[in-house]
Amino acid sequence: ELLCDREFAGEDWFSWLSEEKISFCIRIRNNTVTTNARGEKSWMDTLFYGLKPGEQRVLEGKRKVTGCLVYLAGLRLSDGELLIVATDSEPENSIKRYATRWEIETLFGCLKGRGFNFEDTHITSAERIKKLFVLLAIAFAWAHKTGEWRNELKPITIKKHGRPIVSLFRMGLDYVSFAIVNAFKRPDVIQDCMKAFD
């Protein structure tokens, strides 16, 4: 199944995916025009009006979006933003399926600007990039496991809006960095980090 963000929605794209029989679950912009239950044109967000944070709604039947018929489902996020996805099948599970994309997005964020700055590499050889990516994946796993371990010892503070003050990855990466820099002064710290990765 193909999971995509809002930049990839469009008639040509939907049509091609349907022709190739590729299942999809794609986020749609809230100001997109679609059809209501009577087949009349309607703004996308009006069909999901009234949803409270955490609530989701699956519209009955297929709706026309950019010239193609798709199923639509919406979820009100905790910050009040509306997440709407278009899919070709199983609309009742589409929000859950789309959520797996966020895990991938989070990983890429950690590999790039929020962690290892992978995009700054000047390596052009595909083989070397592949090896670097493997190394970063191991480093990410180490940092995340260390963050999980540190969180068990001292839980991360949760802000008023419900989000943690720091991610498990960031907490772990900062601690692993500290352990490496102080490896000779505090060998016990680096040993603890290695144990967390077992």
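An account of the accompanying structure is given in this report. The structure displayed is predicted, hence computed values, not measured ones.

1. Topic: helix α3 (residues 126-153)
Point 1. The first and last C-alpha atoms of α3 sit 41 Å apart over 28 residues, in line with the 40 Å expected at 1.5 Å per residue.
Point 2. Contacts from the buried residues of α3 go to α2 (94-111), α4 (168-181) and α5 (187-196).

2. Re the nonpolar core
Point 1. Phe14, Ile28, Met44, Phe48, Val65 and Leu72 are the most contacted members of the largest nonpolar core, which totals 18 residues.
Point 2. Aside from chain neighbours lying at most four places away, what touches leucine 72 is Thr34, Met44, Phe48, Arg57, Val58, Leu59, Arg63, Val65, Val85 and Ala86.

3. With respect to the packing of α3 against α4
Point 1. Where α3 meets α4, the axes come as close as 7 Å, and the angle between the chain directions of the two elements is 100°. The orientation of α3 with respect to α4, classified from their angle, is roughly perpendicular. Residues Phe140, Trp142, Ala143, His144, Thr146, Gly147, Glu148, Trp149, Arg150 and Asn151 of α3 form the contact with α4, whose participating residues are Leu168, Phe169, Met171, Gly172, Leu173, Tyr175, Val176 and Ile180.
Point 2. Residue composition of the contact of α3 with α4, by class: 11 nonpolar, 5 polar and 2 charged.

4. Concerning the side chain of serine 94
Point 1. With respect to the helices and strands, serine 94 occurs in helix α2.
Point 2. Overall, the relative accessible area of 0% leaves serine 94 in the buried class.
Point 3. Engagement of the side chain of serine 94 in a polar contact is seen with the backbone oxygen of proline 91, the distance being 2.7 Å.
Point 4. Beyond its immediate stretch of four places on either side in the chain, serine 94 contacts Cys25, Ala73, Val85 and Thr87.

5. What about the packing of aromatic side chains?
Point 1. Applying the stated criterion across every chain yields a total of 5 aromatic pairs.
Point 2. With a centroid separation of 5.8 Å and an interplanar angle of 70°, the aromatic rings of tryptophan 149 and tyrosine 175 are classed as edge-to-face. One end of the pair, tryptophan 149, is in helix α3; the other, tyrosine 175, is in helix α4, and 26 residues separate them in sequence.
Point 3. With a relative accessible area of 17%, tyrosine 175 lands in the buried category.
Point 4. Each member of the aromatic cluster is reached from another via a ring pair, and the members are Phe116, Phe140 and Phe169.
Point 5. Its end group placed over the ring of tryptophan 149, arginine 150 keeps NZ or CZ at 5.3 Å from the ring centre.
Point 6. Arginine 150 extends its terminal NZ or CZ atom over the ring of tyrosine 175, reaching a point 4.0 Å from the ring centre.

6. Here we look at the environment of leucine 153
Point 1. Relative to the helices and strands, leucine 153 resides in helix α3.
Point 2. A relative accessible area of 56% places leucine 153 in the exposed class.
Point 3. Each C-alpha atom, one on leucine 153 and one on glycine 61, is 49 Å from the other, the two residues being 92 residues apart in sequence.

7. So, the layout of surface pockets
Point 1. Taken as a whole, the largest pocket spans an internal volume of roughly 720 Å³.
Point 2. Lining the largest pocket are 21 residues, and of these Leu77, Ser78, Trp102, Thr106 and Arg163 sit closest to its centre.
Point 3. Here the residues of the lining of the largest pocket sort into 10 nonpolar, 3 polar and 8 charged.

8. Some words on α2
Point 1. For α2, with 18 residues, the first-to-last C-alpha span of 27 Å sits near the 26 Å given by 1.5 Å per residue.
Point 2. All buried positions along α2 are accounted for by Ser94, Ile95, Arg97, Tyr98, Arg101, Gly109, Cys110 and Leu111.

9. As for the side chain of asparagine 36
Point 1. Mapped onto the secondary structure, asparagine 36 falls in the loop between β3 (33-35) and β4 (41-43).
Point 2. There is a polar contact of 2.9 Å between the side chain of asparagine 36 and the backbone nitrogen of arginine 38.
Point 3. Discounting chain neighbours no more than four positions away, the residues touching asparagine 36 are Ser42, Leu47 and Arg63.

10. Describing a nonpolar patch on the surface
Point 1. Together, Ile104, Phe108 and Phe133 make up an exposed nonpolar region whose accessible area comes to about 260 Å².
Point 2. Mapped onto the fold, phenylalanine 108 is located in helix α2.
Point 3. By relative accessible area, which is 38% here, phenylalanine 108 ends up partly exposed.

The rules behind each value
Residues numbered from 1 in each chain as written. Predicted model: local features only at pLDDT ≥ 70, side-chain atom pairs only at ≥ 80, totals over all residues. Heavy atoms only, no water. Helix = DSSP H or I, 4+ residues; strand = E, 2+ residues; numbered from the N terminus. Expected span 1.5 Å × (residues − 1). Contact = heavy atoms within 4.5 Å. Core = buried A, V, L, I, M, F, W, Y, C linked by side-chain atoms within 4.5 Å. Buried < 20%, exposed > 50% of the residue type's maximum accessible area, 1.4 Å probe, protein only. Axes fitted to C-alpha atoms, helices over the stretch in contact; angles between N-to-C directions. Parallel < 35°, antiparallel > 145°, perpendicular 65-115°, else oblique. Nonpolar A, V, L, I, M, F, W, Y, C, P; charged D, E, K, R; others polar. Polar contact = N/O pair within 3.5 Å; in protein donor to acceptor, adjacent residues only side chain to side chain. Phe/Tyr/Trp six-rings, centres within 6.5 Å; stacked < 30°, edge-to-face > 60°. Lys NZ or Arg CZ within 6 Å of the ring centre and 35° of its normal. 1 Å grid on protein atoms, 1.4 Å probe; cavity = no way out; pocket = protein on both sides within 12 Å on 5 of 7 lines; lining within 4 Å. Points joined across faces, edges and corners; volume = space filled by probe spheres on them. Patch = residues over 30% accessible without salt bridge, like charges linked within 9 Å, V, L, I, M, F, W, Y side chains within 5 Å. Areas by Shrake-Rupley, 256 points an atom, 1.4 Å probe, with all protein chains shown as cover. Salt bridge = Lys/Arg side-chain N within 4 Å of Asp/Glu carboxyl O.

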